[in-house]
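Letter by letter, the chains look like this.
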Amino acid sequence: MKKVLVLVFLCMSVIMQAQKFDNLALTPPMGWNSWNTFETDINEELVKGVADKFVELGLKDAGYEYIVLDDGWMTKERDENGDLVADPEKFPSGMKALVDYVHSKGLKFGLYNCAGGKTCAGYPGSRGHQYQDARLYASWGVDFLKYDWCDTDELNANESYLTMRDALYTAGRPVLFSICEWGDNDPWKWAKDVGHMWRITGDIINCWDCEVGHGSWSSSGIWKIIEMRKNEKIREVAGPGHWNDYDMMEVGNGMTDAEDRSHFAMWSMLTSPLMMGNDVRTMSKETLKTLTNKEVIAVNKDALGIPAFRFTNENNIEIWAKPLANNGWAIAYVNKNDTPVEIDFDWNKHPIGDDVSQHFMEVSKNTFKIRDLFAHKNLGTTKKNMKATIGVHDVLMVTLTKE
């Protein structure tokens, strides 16, 4: 009887101590995910090629570190022991060897699975196998898990993600846990202690402001994604170790260069994870320039970790403001018009402040130096109006630093 009681006590102790891993995603994660461009058409040569390009093109130096394989990496059935199996045709060297290759480049490796019985593409999900799968990922050296929400029937989202969180923690290898239940169950209300990032919307698609139907669900363009949770209190819950995820980026996937800049600027302003979704092996110089803009990335990585808020929308020019460390600010002016516009911004007539974080600009008391983050040049100070021309769907993104 004593042995039984001791065993029960030990099991309860493990459960009580289970948690997500600390000291991960202290700033929004950066990396690449295979789904937006390749869906299930993935293989080890693709992953190795992406890893090589991370180093060769300076993506690693810019801060990108996670290479994440999305749905379709496994066989359609588990093996005789109930383990997931990497598709031997797509990954003939095995998953452990591929993870080791990515690690040899100084990068981190991520995989995908799902809380349901099947993944969204019909491969084996983790339902009923959470602890077994977590041990397998740990044995391979996986650093990141994107966990989807297909084929979940009447499962409770919070409880399902807690189970996988606890399984990862019990397996013992630190894993960044990415919750992907599309915002259907208000994860911003419960996911802070469960995962390191959580999707707030359904899937993104490579357009400015469209919605594309897929039967029972739809994909949304960049601006629809931004607008989707505008009435929810999601800014308050984001911060170091727990981020609102606006989905993988579509930069380099067919929009205009201007739209790509606005997309990248807004994901940085909103402190969303910066997960590339393009083919980095063949991207244009302009796409690479946008994705490796270290001044914009620095806004995303700012130590305060406070997401931007919409300050105003005048004449279809959206102005977003983000408090920065050292009493600075980042401001993004996005032209949603179909023609270029000129702005003449009087700082004294636009008192910018954030009631949530209690940061206020107060230009009447302070002078700020203005820096254009895409042109990489200084624009004077807030003592004078800021004048600029902004192209169609383009962005003027500046930082303000106290003199």
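The rules we used
Residues numbered from 1 in each chain as written. Predicted model: local features only at pLDDT ≥ 70, side-chain atom pairs only at ≥ 80, totals over all residues. Heavy atoms only, no water. Helix = DSSP H or I, 4+ residues; strand = E, 2+ residues; numbered from the N terminus. Rg over C-alpha atoms; globule rule 2.2 N^0.38 Å. Buried < 20%, exposed > 50% of the residue type's maximum accessible area, 1.4 Å probe, protein only. Pairing = 2+ DSSP bridges. Axes fitted to C-alpha atoms, helices over the stretch in contact; angles between N-to-C directions. Contact = heavy atoms within 4.5 Å. Parallel < 35°, antiparallel > 145°, perpendicular 65-115°, else oblique. Nonpolar A, V, L, I, M, F, W, Y, C, P; charged D, E, K, R; others polar. Expected span 1.5 Å × (residues − 1). Right-handed = clockwise from strand over helix to strand, strands pointing away. Salt bridge = Lys/Arg side-chain N within 4 Å of Asp/Glu carboxyl O. Lys, Arg positive; Asp, Glu negative; His and termini not counted. Polar contact = N/O pair within 3.5 Å; in protein donor to acceptor, adjacent residues only side chain to side chain. Phe/Tyr/Trp six-rings, centres within 6.5 Å; stacked < 30°, edge-to-face > 60°. Lys NZ or Arg CZ within 6 Å of the ring centre and 35° of its normal. Disulfide = S-S within 2.5 Å.

Draft legend 1. Looking closely at the overall build of the chain. Helix and strand counts for the chain come out as 11 helices and 20 strands. What you see for the chain is a C-alpha radius of gyration of 22 Å, in line with the 22 Å of a compact globule of 403 residues. Counting only C-alpha atoms, the chain reaches 75 × 50 × 40 Å along its principal axes. When burial is assessed residue by residue, the chain has 56% of its 403 residues classed as buried.

Draft legend 2. The arrangement of the sheet that holds strand β4 (residues 144-148) in detail. In spatial order, the strands read β9-β6-β5-β4-β3-β2-β1-β10; together these eight strands make up an open sheet with parallel pairing. Only two strands of the sheet have a single neighbouring strand rather than two, namely β9 (243-245) and β10 (274-276). Each neighbouring strand pair of the sheet contributes to a mean axis angle of 25°, computed without reference to strand direction. The pairing of β4 with strand β5 (residues 176-179) spans four bridges and is classified as parallel. Within the sheet, the bridge partner assigned to Tyr 147 lies in β5 and is Ile 179. Of the strands in this sheet, β3 (108-114) and β4 touch helix α6 (residues 130-140), which is tilted by about 160° from β3.

Draft legend 3. Here's a closer look at the packing of helix α3 (residues 44-56) against helix α5 (residues 95-104). Between α3 and α5, the least distance of the axes is 9 Å, while the angle of their chain directions is 10°. Viewed along their axes, α3 and α5 adopt a mutual orientation that is roughly parallel. Residue-level contacts link Glu 44, Val 47, Lys 48, Ala 51 and Asp 52 of α3 to Leu 98, Tyr 101 and Val 102 of α5. Per-class residue counts for the contact of α3 with α5 are five nonpolar, no polar and three charged.

Draft legend 4. The arrangement of the environment of Asn 185 in detail. Along the chain, Asn 185 turns up in the loop between β5 and β6 (197-199). Between the alpha carbons of Asn 185 and Leu 59 there is a distance of 34 Å; along the sequence they are 126 residues apart. Discounting chain neighbours no more than four positions away, the residues touching Asn 185 are Trp 149, Ala 157 and Trp 190.

Draft legend 5. Highlighting helix α7 (residues 157-171). The first and last C-alpha atoms of α7 sit 21 Å apart over 15 residues, in line with the 21 Å expected at 1.5 Å per residue. Turning to α7, its buried residues are Ala 157, Ser 160, Tyr 161, Met 164, Arg 165, Asp 166, Ala 167 and Leu 168. Where the residues of α7 are buried, they touch α6, β4 and β5.

Draft legend 6. Highlighting the pairing of β5. Of the two faces of β5, the one lined by Leu 176 and Ser 178 and the one lined by Phe 177 and Ile 179 are each fully buried. Regarding topology, α7 serves as the crossover connection from β4 to the parallel β5, and that connection is right-handed. Of the strand pairs in this sheet, β5 and β6 are connected by two bridges, and their pairing is parallel. Paired with Ile 179 across the two strands is Trp 198, which belongs to β6.

Draft legend 7. Highlighting the sheet that holds strand β20 (residues 395-402). Spatially, the six strands line up as an open sheet ordered β11-β12-β13-β20-β17-β18, and their pairing is antiparallel. The strands lining the two open edges of the sheet, one partner per strand, are β11 (309-314) and β18 (377-381). Neighbour-to-neighbour, the strand axes of the sheet open up by a mean angle of 25°, direction not taken into account. In this fold helix α9 (residues 257-269) packs onto β12 (317-324), β13 (328-335) and β20, with an angle of close to 145° to the strand it touches most, β13.

Draft legend 8. Examining the pattern of salt bridges more closely. Counted by the stated rule, this structure contains 25 salt bridges. Notably, a salt bridge pairs Glu 227 with Arg 310, separated by 2.8 Å at the nearest N-O pair. Residue Glu 227 is located in helix α8 (residues 222-228), and its partner Arg 310 is located in strand β11; the two are separated by 83 residues in the primary sequence.

Draft legend 9. Region of the structure containing the side chain of Glu 181. Position of Glu 181 relative to the elements: it lies in the loop between β5 and β6. There is no salt bridge for the buried Glu 181, and the closest opposite charge comes from Arg 229, which lies 6.8 Å off by N-O distance. A distance of 2.7 Å separates a polar side-chain atom of Glu 181 from the backbone nitrogen of Gly 183. Leave out the neighbours within four places in its chain, and Glu 181 touches Trp 149, Tyr 161, Asp 186, Pro 187, Trp 190 and Arg 199.

Draft legend 10. Expanded view of the side chain of Asp 372. With respect to the helices and strands, Asp 372 occurs in strand β17 (residues 368-372). Reaching out from Asp 372, the side chain makes a polar contact with the backbone nitrogen of Phe 374 at a distance of 3.1 Å. A distance of 3.0 Å separates a polar side-chain atom of Asp 372 from the backbone nitrogen of Ala 375. With near-sequence residues (within four places) excluded, Asp 372 lies in contact with Lys 377, Leu 379, Leu 396, Met 397 and Val 398.

Draft legend 11. Molecular detail of the packing of aromatic side chains. Taken as a whole and assessed by the stated rule, the structure comprises 14 aromatic pairs. Both rings, one in Phe 309 and one in Trp 329, keep their centres 6.5 Å apart while their planes meet at 80°; by these two values the pair is edge-to-face. Within this pair, whereas Phe 309 is found in strand β11, its partner Trp 329 is found in strand β13, the two being separated by 20 residues in sequence. Of the two residues examined, Phe 309 and Trp 329, each falls in the buried class. Among the aromatic residues, those joined into a ring-pair cluster are Tyr 147, Trp 149, Tyr 161, Phe 177 and Trp 190. For the cation-ring pair, Lys 48 lies above Tyr 101, with the distance from its terminal atom to the ring centre recorded as 5.4 Å.

Draft legend 12. View of the state of the cysteines. Applying the stated criterion across every chain, the model contains two disulfides. Two residues, Cys 120 and Cys 150, share a disulfide whose sulfurs are 2.0 Å apart. As the torsion about the S-S bond is roughly 95°, the Cys 120-Cys 150 disulfide counts as right-handed. In this pair, Cys 120 is assigned in the loop between β3 and α6 and Cys 150 in the loop between β4 and α7, connecting sequence segments 30 residues apart. At a sulfur-sulfur separation of 1.8 Å, the disulfide partner of Cys 207 is Cys 210.

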